[in-house]
Amino acid sequence: MVEDVFDTTGRPPKGWMHAIFHGGPYGEDVGRCIPGPPAPATLAVSLAEGGVHVYRLWTVGSWSDPDDPIAVYNPDGAPVPPLLLTGQEKQWLREGQQRKGLGPIRLVALSADGRMVCDPDAPTIEAMVAGLRHREHVLLQRLTDHDEGDWYIQVLLDEDDTYEVVHQAGAAAERDRMRSASRAAVRDAVLRWAADQPSWRTALDGPKAGDGA
């Protein structure tokens, strides 16, 4: 359950984080806080008339301060993938690496619960794909130059236990959507893509989404 904790100072109390709710009993609330981070995947809210309203976590982002994450909840609708890093967020990462005396980050992995992993290794990527639950995404984004557009691959585990894989290669490219019933095939495709191997597409079995309907 969520207690009536609100923030009117610009920073939530210790052990809490900001949240936005679409619809439901909290749809009009401003400044409501929830336990976290990390944000709970679901929140159950008791209704005055009886019963429970369940919110699902869509994504975790930030308006301006990466140390003040904001959870976004919705009771239903299509699953929403993690938000791609913006140009400003990429710059923050680059500057952070430079301050630490480290080289540039090539790739980030973003999970449905808001976790970000920089330059994930193969076991980390495998674990993120294997750990997907229904209606959850994992997204890998290349940190390319700002004028090249976003390069990413994202995986959704659908409620019928199939995987939808969406790929984008730069601003001018169309998004490719593919579907597979094989977690092993999806894992291999994502690992090959992360390693910049052109053969990543051949790892996927099954037709593209929307074909042959």
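Below you will find a few notes about this structure. Remember, it's a predicted structure, so these values are computed and weren't measured experimentally.

## Topic: the overall build of the protein
Point 1. Looking only at helices and strands, one finds three helices and eleven strands in the protein.
Point 2. Ordered by position from the N terminus, the helices and strands of the protein form the series β-β-β-β-β-α-β-β-α-β-β-β-β-α.
Point 3. Put simply, the protein has 213 residues, and 40% of those count as buried.
Point 4. At a minimum sequence separation of 6, the contacts of the protein that also span at least 24 residues come to 45%.

## Focus: the side chain of aspartate 176
Point 1. Checked against the element boundaries, aspartate 176 lands in strand β11 (residues 176-180).
Point 2. Assessed through its relative accessible area of 18%, aspartate 176 is described here as buried.
Point 3. Separated by 2.6 Å, the side chains of aspartate 176 and arginine 201 make a polar contact.

## Points about unusual backbone geometry
Point 1. Residue glycine 36 is joined to proline 37 through a cis peptide bond whose omega torsion reads -5 degrees.
Point 2. Assignment of secondary structure puts proline 37 in the loop between β2 (33-35) and β3 (42-46).
Point 3. The step from proline 37 to proline 38 runs through a cis peptide bond, and the omega angle for that step is 5 degrees.
Point 4. In this structure, proline 38 sits in the loop between β2 and β3.

## Concerning the nonpolar core
Point 1. Judged by nonpolar contacts, the single largest core of 24 residues is most densely connected at Leu140, Val155 and Val186.
Point 2. Counting only elements with at least two residues in this core, the list comes to β6 (107-111), α2 (122-130), β8 (136-142), β9 (151-157), β10 (163-169) and α3 (183-194).
Point 3. The leading source of residues in this core is α3, at six residues.
Point 4. In contact with valine 186, not counting residues within four places along its chain, are Val129, Val155, Tyr163, Val165, Ser180 and Leu204.
Point 5. Formed by twelve residues, the second largest nonpolar core is a distinct cluster that contains Val45, Tyr55, Leu57 and Tyr73.

## Observations regarding the side chain of glutamine 141
Point 1. Positionally, glutamine 141 belongs in strand β8.
Point 2. The class for glutamine 141 is buried, based on a relative accessible area of 0%.
Point 3. Polar side-chain contacts of glutamine 141 include one of 2.8 Å to the backbone nitrogen of leucine 85.

Conventions we followed
The written sequence of each chain sets the order in which its residues are numbered from 1. The model is predicted, so local features are restricted to residues of pLDDT at least 70 and side-chain atom pairs to those at 80 or more, both for listing and for counting; the totals for chains, interfaces and linings are taken over all residues. Side-chain measures were taken over the full set of non-hydrogen atoms in the model, leaving aside hydrogen atoms and water. Going along the chain from the N terminus, every DSSP run of H or I of four or more residues is numbered as a helix, and every run of E of two or more is numbered as a strand. With a 1.4 Å probe rolled over the protein chains alone, any residue whose accessible area is under 20% of its type maximum counts as buried; one over 50% counts as exposed, and the rest are partly exposed. By definition, residues are in contact when any of their heavy atoms lie within 4.5 Å. Think of a polar contact as two N or O atoms within 3.5 Å of one another; within protein, one of them needs to be a possible hydrogen donor and the other a possible acceptor, and neighboring residues in sequence only count if both atoms come from side chains. Definition of nonpolar core: a set of buried residues of the types Ala, Val, Leu, Ile, Met, Phe, Trp, Tyr and Cys, connected through side-chain atoms within 4.5 Å.

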